[in-house]
Amino acid sequence: MTLNDALLLPLNAKLGKANVIVKVDADNTVTESQELNNIDTTALDIVPGCEPDSWEPNHTPNTVKNNPAVTKRRVSGLTLCPSDKDTYKFAVKKGETLTISAQFKHSDGDLNLYLYDSASKWVTDSSTQADLEQVSVTATADTVYYARVIAATADTWNAYELLHCTAVGGKC
C-alpha cells in the first residue's frame, strides 16, 4: 500500500475523523530482525464518495445510442465521478439551434462540455474556468447530437445540472 492507494471502508462507516491500523507482513512470511514494528496507525478523514447518478451507464455515444433523447429542459441531480464521462443524446430538427449547458460549482471540480454529431465526430466544446460550460449548434438536417461532460482531470468529480433548449433562428 502506498500513500496514494485507496482504502475501502464499510458502508456503515461514519463520516468524520477516524484512525486506521495498518499491519504489514501479517502472515510473517518475511524474515525480519524486528517483528514488533509491523503495526502502525494513522488518522484520516472519512468523506462522502462519488455516487453515480441514475443516467449511468452513459459513458459514450454507443452506450446511449438506443436511449431516448433528453427532453427535459433541466436535468438535475447529475454526478460525474472520477475517470467517468457522461454522454447525453439530443434530437434536433433542421434549422433549430441546440444550446446545451452544464452548470456546476467550478471550485468543487472543473468540468468540460463537448458536442459531437450523429457520427460521433467533434463539433464544438467549452472548457472555461467558470461555473457554466455552454455549447451551441444549428442543425442542417433532422439529426441527433451527443453532449459529453468530462472532468478536466481524471481524479475530479462534481455534481452538475444539464440544461438545454432548441430554438429556430438563433440561441435560446
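These numbers were taken from a predicted model, which means no experiment stands behind them.

A.B. asks: I'd like to hear about the sheet that holds strand 7 (residues 122–126), residue by residue, with values.
C.D. replies: As summarised here, the arrangement of the 4 strands in space is 4-9-6-7, forming an open sheet in which the pairing is antiparallel. Here the strands that pair on one side only, and so sit at the sheet edges, are strand 4 (85–92) and strand 7. Adjacent strand axes in the sheet meet at a mean angle of 20°, parallel and antiparallel pairs treated alike. Bridging between strand 4 and strand 9 (residues 143–151) involves 8 bridges; their strand directions are antiparallel. Across the sheet, D86 pairs through a bridge with V149, a residue of strand 9.

A.B. asks: Before we move on, could you go through the packing of aromatic side chains and cite the residues and values that matter?
C.D. replies: Under the counting rule described, the total for this entry stands at 1 aromatic pair. When the centroid spacing of 5.4 Å and the interplanar angle of 70° are considered together, the rings of W55 and Y88 count as edge-to-face. Placement of W55 in the loop between strand 2 (39–46) and helix 1 (61–64) and of Y88 in strand 4 is noted, with a sequence separation of 33 residues between them. Assessed through its relative accessible area of 31%, W55 is described here as partly exposed.

A.B. asks: Give a detailed account of the side chain of T99, specifying residues and quantitative values.
C.D. replies: Within the secondary structure, T99 sits in strand 5 (residues 96–104). Since its relative accessible area comes to 6%, T99 is described here as buried. At a separation of 2.9 Å, a polar atom in the side chain of T99 contacts the side chain of S136.

A.B. asks: Tell me about the nonpolar core, residues and numbers included.
C.D. replies: Nonpolar side chains tend to gather and get buried jointly when the protein is soluble and globular. If you look at the biggest cluster of nonpolar residues, it comprises 23 residues, and the most contacted ones within it are Y88, F90, I100, V149, Y160 and L162. Elements that contribute at least two residues to this core include exactly strand 3 (74–80), strand 4, strand 5, strand 6 (111–116), strand 8 (132–138), strand 9 and strand 10 (158–168). Beyond its immediate stretch of four places on either side in the chain, F90 contacts A69, V70, L98, I100, T143, V144, Y145, A147, L162 and H164.

A.B. asks: If you had to explain unusual backbone geometry to someone new, which residues and values would you point to?
C.D. replies: The linkage connecting E56 with the following residue, P57, adopts the cis geometry, with an omega of -5°. Even without being glycine, S83 reaches a positive phi, approximately 65°. The class for S83 is exposed, based on a relative accessible area of 60%. In this structure, S120 takes a positive phi of about 65° despite not being glycine. When you line up the elements, S120 lands in the loop between strand 6 and strand 7. Given a relative accessible area of 33%, S120 falls into the partly exposed group.

A.B. asks: Just give me the short version of the pairing of strand 9, but keep the residues and values in it.
C.D. replies: Burial within strand 9 is extensive, with 7 of its 9 residues counted as buried. Of the strand pairs in this sheet, strand 6 and strand 9 are connected by 6 bridges, and their pairing is antiparallel. Considered in strand 9, the bridge of Y116 is made with Y146.

A.B. asks: A description of the side chain of N58 should follow, citing residues and the corresponding values.
C.D. replies: Following the sequence through the fold, N58 ends up in the loop between strand 2 and helix 1. Among all residues touching N58, those that are not within four sequence positions of it are T63, V64, K85, D86, T87 and Y88.

A.B. asks: Requested: an account of the state of the cysteines, with residues and values cited.
C.D. replies: On inspection of all chains with the given rule, the structure shows 1 disulfide. Each disulfide pairs two cysteine sulfurs, and for C50 the partner residue is C81, the sulfurs being separated by 2.1 Å. For the disulfide bridge between C50 and C81, the dihedral angle about the S-S bond is near -90°, and by the sign convention the bridge is left-handed. Taken together, the positions of C50 in the loop between strand 2 and helix 1 and C81 in the loop between strand 3 and strand 4 put the pair 31 residues apart, joining distant regions of the chain. C81 matches C50 in its accessibility class, with the two residues each being buried.

Procedures and definitions
- Residues numbered from 1 in each chain as written.
- Predicted model: local features only at pLDDT ≥ 70, side-chain atom pairs only at ≥ 80, totals over all residues.
- Heavy atoms only, no water.
- Pairing = 2+ DSSP bridges.
- Helix = DSSP H or I, 4+ residues; strand = E, 2+ residues; numbered from the N terminus.
- Axes fitted to C-alpha atoms, helices over the stretch in contact; angles between N-to-C directions.
- Phe/Tyr/Trp six-rings, centres within 6.5 Å; stacked < 30°, edge-to-face > 60°.
- Buried < 20%, exposed > 50% of the residue type's maximum accessible area, 1.4 Å probe, protein only.
- Polar contact = N/O pair within 3.5 Å; in protein donor to acceptor, adjacent residues only side chain to side chain.
- Core = buried A, V, L, I, M, F, W, Y, C linked by side-chain atoms within 4.5 Å.
- Contact = heavy atoms within 4.5 Å.
- Disulfide = S-S within 2.5 Å.

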